[in-house]
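Overview (structure and organization)
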Amino acid sequence: MEKSGNPATPASIAFQAESPTILDRWLAIWKRIRRLPRQLAGMNPFDGDCRPSRVPLFKWGRSAWPFPHPWNYHQPIEILEAYFYGADTESGPGRHNRYLEVPGFAPILVTRDPGIIRAIASETGDLAGQFDRDSMPSTGIARATGKDTLLFSNGAFWKLQRKLAASPFGKTALFQDEVFREFAATLRNAVIHRLQVLHDYLADTGQTVARVQLEPEIKPIMLELLTSNFLGAKITYEELRQRYVPAMESVIAHIVRDTVLNRLDVSFVKLPAFTSTMARLKADYDWFDELTNRVLTARREQAGLWKLFKSDAPDDDLRSNLKVFLAGALEATTSFATWAISHLARNQAAQEAVCQEVRDIHDYTPDKLQSAKYLSAVLEETLRLTPALYFLPRRASVDTWVETADGRRMFIPDGTHVLLDVWHANRHEDHWGVNTSGYPANEFVPERWARIAAQGRASKDVLHFGFGHGPRVCPGKHLGQLEVALVVGAFVQLFKFKAVHQENPARAGVSTKPADGTLVELELR
Ligand code: HEM
């Protein structure tokens, strides 16, 4: 499908998001009518040797219905699971590919087949006929941050923003030796300084062991690394911890509710505050605005790594993207770091192996980071077993055939909502189990990665999609990896820690996190 927009337009004009034309709206209605006879006849709209099997709308025994509604939207992992209810007894392609279809609506395809996930992610982009990112699961984010963002947009408009907004996060910008050294040193100082407070608390009180929930400690550190260290804003840690993190938590929780419950597409910010709860939430939105403005002030002063950001786009055109970066990065990096610590807290041998490796590292140069092989394996394994983003949403923009690397094919009809179910793909025995990686798929075993490497399997064939894949791969990957490696490395250097509960269930919203808030018993090293 051809998409409108002109990549050569000057930045300030091109930053106006495309809205659907009357023709687009009529076309959508026509497509609905056209598929109705087939839907009423109950015919499978997919085809090929990976043809998905149909999931009934209602079925006894499932832990959730296969679509979000006001009573189950806080259980998104169970909603995905509902698609695969009974699938493990199937041997055909329906074992990992399922669809739901309600007459009058576009089909929903859920796949936990890594081959299909990779094929669809590779074919997502601005070219004619490629998949879009499905904007339906991010409508709440778009209402909160604005629609003109890298996350929400598609087609030429997305491509242009990707070029303008993603460059400073790229490996080449960040990993230039001088930039990297300076940045890594600032980050490490910040991390050590914050963790030292916990360390001193233990030392001062004379306690040998303290029970601490780490998520509230890690969140402000992650936000500080991005706003103050990376983006150069002059914001104190106390302001971040006491004002901005709570405000962002409240806005992010509202975004999740708003995505499911707000059927009228009315932005909350534009409504008057009818109740005291609404007034408080509005105040939180104002704090989020204020934080964004302070980061934009740093841009005018060319502080932090803004100097790598070569763009003449006015501040107002960057505001929405910046909000997505702030909220998205806070969620994703906190998720990644808390999961890594949470797994190590349940695996003392792995914790000691990381400690041995990082004990003498005091400056994280690109080389040293590369040579910390066990820490890298811990981080890979964390993203595999407990990815921050548990599914990747896509939408077929035309009737499409996709093909896996091993030659299997699937026909996906125009308009299909596709959920690339990374969470369940990554923990399925068929893909990551004893036969393929040497260890059970649902266990945290960093040694798996050395085993895979010893089998001579190329990393491009062993994908966990923790940072996505293809043209829409995470632009903050290198920054995020660096931040999380520093936080986890420094944490292990300072403390021994043990989980309070052995079970490690997830809670999921915008991202996944350990359900216990990463509750550990800490001991000084
Ligand atoms: C370290 C933890 C992080 C993880 C695990 C993570 C994960 C991901 C994943 C899986 C995607 C792909 C989504 C898709 O394909 O639909 C993505 C996209 C994105 N990430 Fe990250 N991310 C992290 C950190 C960051 C940071 C630090 C930033 C920015 C400061 C960032 C900004 C973005 C943006 C803007 C997109 C959308 C890109 C596009 O659509 O072109 N992420 N991230």
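This text goes with the structure placed above it.
Since this is a predicted model, take the numbers as computed values, not measurements.

1. Side note on the nonpolar core
Formed by 94 residues in total, the largest nonpolar core has its most connected members in Val-488, Phe-495, Phe-497 and Leu-522. The greatest single-element share of this core, amounting to 12 residues, is contributed by helix H12 (residues 315-344). Grouped together as the second largest cluster of nonpolar side chains are 20 residues, Phe-46, Tyr-99, Ile-412 and Val-418 included.

2. Details of the coordination of the iron atom of the ligand
There is one protein donor for the iron atom of the ligand, and it is Cys-474 (SG), at 2.3 Å. Along the chain, Cys-474 turns up in the loop between helix H19 (448-454) and helix H20 (477-494).

3. Focus: the pairing of strand S8 (residues 409-412)
Here strand S7 (residues 400-403) runs beside S8; their pairing, made up of four bridges, is antiparallel. Its bridge partner lying in S8, Trp-401 is registered against Phe-411. A loop of five residues connects S7 with S8, the two strands running antiparallel in sequence, and Gly-407 in this loop sits at a positive phi of about 85°.

4. Focus: the side chain of Arg-346
Its location among the elements puts Arg-346 in the loop between H12 and helix H13 (348-358). Overall, the relative accessible area of 17% leaves Arg-346 in the buried class. Within the structure, Arg-346 has its side chain in polar contact with the backbone oxygen of Ser-342 (distance 3.0 Å). Looking at Arg-346, its side chain comes within polar contact range of the main-chain oxygen of Glu-503, at 3.1 Å. Aside from chain neighbours lying at most four places away, what touches Arg-346 is Ala-499, His-501, Gln-502, Glu-503, Asn-504 and Asp-516.

5. Some remarks on the pattern of salt bridges
If the charged atoms of two oppositely charged side chains come close together, the side chains can form a pair. Taken as a whole, this structure holds 29 salt bridges when the rule is applied. For the salt bridge of Lys-219 with Glu-215, the shortest nitrogen-to-oxygen distance reads 3.4 Å. Of this pair, Lys-219 and Glu-215 both sit in helix H9 (residues 215-230), four residues apart, which is roughly one turn of the helix. Taken as a pair, Lys-219 and Glu-215 share a single burial class, namely buried.

6. Things to note about helix H10 (residues 237-261)
Along its 25 residues, H10 runs 34 Å from first to last C-alpha, staying within 8% of the 36 Å computed at 1.5 Å per residue. Remark: the principal bend of H10, roughly 35°, maps to Tyr-244, with a proline, Pro-246, within the next four residues.

7. Remarks on the packing of aromatic side chains
The relative placement of two aromatic rings is captured by the distance of their centres and the angle of their planes. Counted according to the given criterion, the structure contains 11 aromatic pairs. Ring plane angle 50° and centroid distance 6.4 Å describe the contact between Trp-339 and Trp-423, whose orientation is recorded as tilted. In this pair, Trp-339 sits in helix H12 while Trp-423 sits in helix H16 (residues 422-426), placing the two residues 84 residues apart along the sequence. Since its relative accessible area comes to 0%, Trp-339 is described here as buried. On the basis of relative accessibility, which here comes to 5%, the residue Trp-423 falls in the buried class. For the ring pair Tyr-390 and Phe-391, a centre distance of 5.4 Å and an interplane angle of 70° mean the geometry is edge-to-face. Comparing Tyr-390 with Phe-391, the two get one shared label, buried. One aromatic cluster in this structure is built from Phe-58, Trp-65 and Phe-67. Over the ring of Phe-288 we find Lys-323; its NZ or CZ atom is 5.5 Å from the centre of that ring. The aromatic ring of Tyr-439 is capped on one face by Arg-451, whose charged end is 5.4 Å from the ring centroid.

Thresholds applied
Along each chain, numbering runs from 1 in the same order as the chain's sequence is written. Per-residue local features are limited, in this predicted model, to residues with pLDDT of at least 70; the limit for side-chain atom pairs, both in listing and counting, is 80 or more; totals at the level of whole chains, interfaces and linings are taken over all residues. Water and hydrogen atoms play no part in the side-chain values, which are based on all heavy atoms of the structure. Take the buried Ala, Val, Leu, Ile, Met, Phe, Trp, Tyr and Cys residues and link them wherever side-chain atoms come within 4.5 Å; each set so joined is a nonpolar core. Think of it in three bands: with a 1.4 Å probe and only protein chains considered, a residue is buried below 20% of the maximum accessible area for its type, exposed above 50%, and partly exposed in between. Put simply, DSSP marks the helices as runs of H or I at least four residues long and the strands as runs of E at least two long, and each gets a number from the N terminus on. Distances up to 2.8 Å from the metal define which N, O and S atoms are donors, and 3.2 Å serves for Na, K and Ca; water is absent from the atom set, so sites may look incomplete. Two strands pair if DSSP finds at least two bridges between them. Any N or O atom pair separated by 3.5 Å or less is treated as a polar contact, with the protein-specific requirement of one donor-capable and one acceptor-capable atom, and with residues adjacent in sequence counted only for side-chain atom pairs. Throughout, a contact is declared for two residues whenever any of their heavy atoms are within 4.5 Å. Every case where a carboxyl oxygen of Asp or Glu lies within 4 Å of a side-chain nitrogen of Lys or Arg is listed as a salt bridge. A helix is expected to reach a length of 1.5 Å times the quantity of its residues less one. Two axes define the bend at a residue: one fitted to the seven residues ending there, one fitted to the seven starting there, and the bend is the angle between them. In this scheme Phe, Tyr and Trp rings, the latter by its six-membered ring, pair at centre separations within 6.5 Å, and the angle between planes marks the pair as stacked below 30 degrees, edge-to-face above 60, and tilted otherwise. Definition used: whenever NZ (Lys) or CZ (Arg) falls within 6 Å of the ring centre and also within 35 degrees of the ring normal, the charge is taken to sit over that ring.

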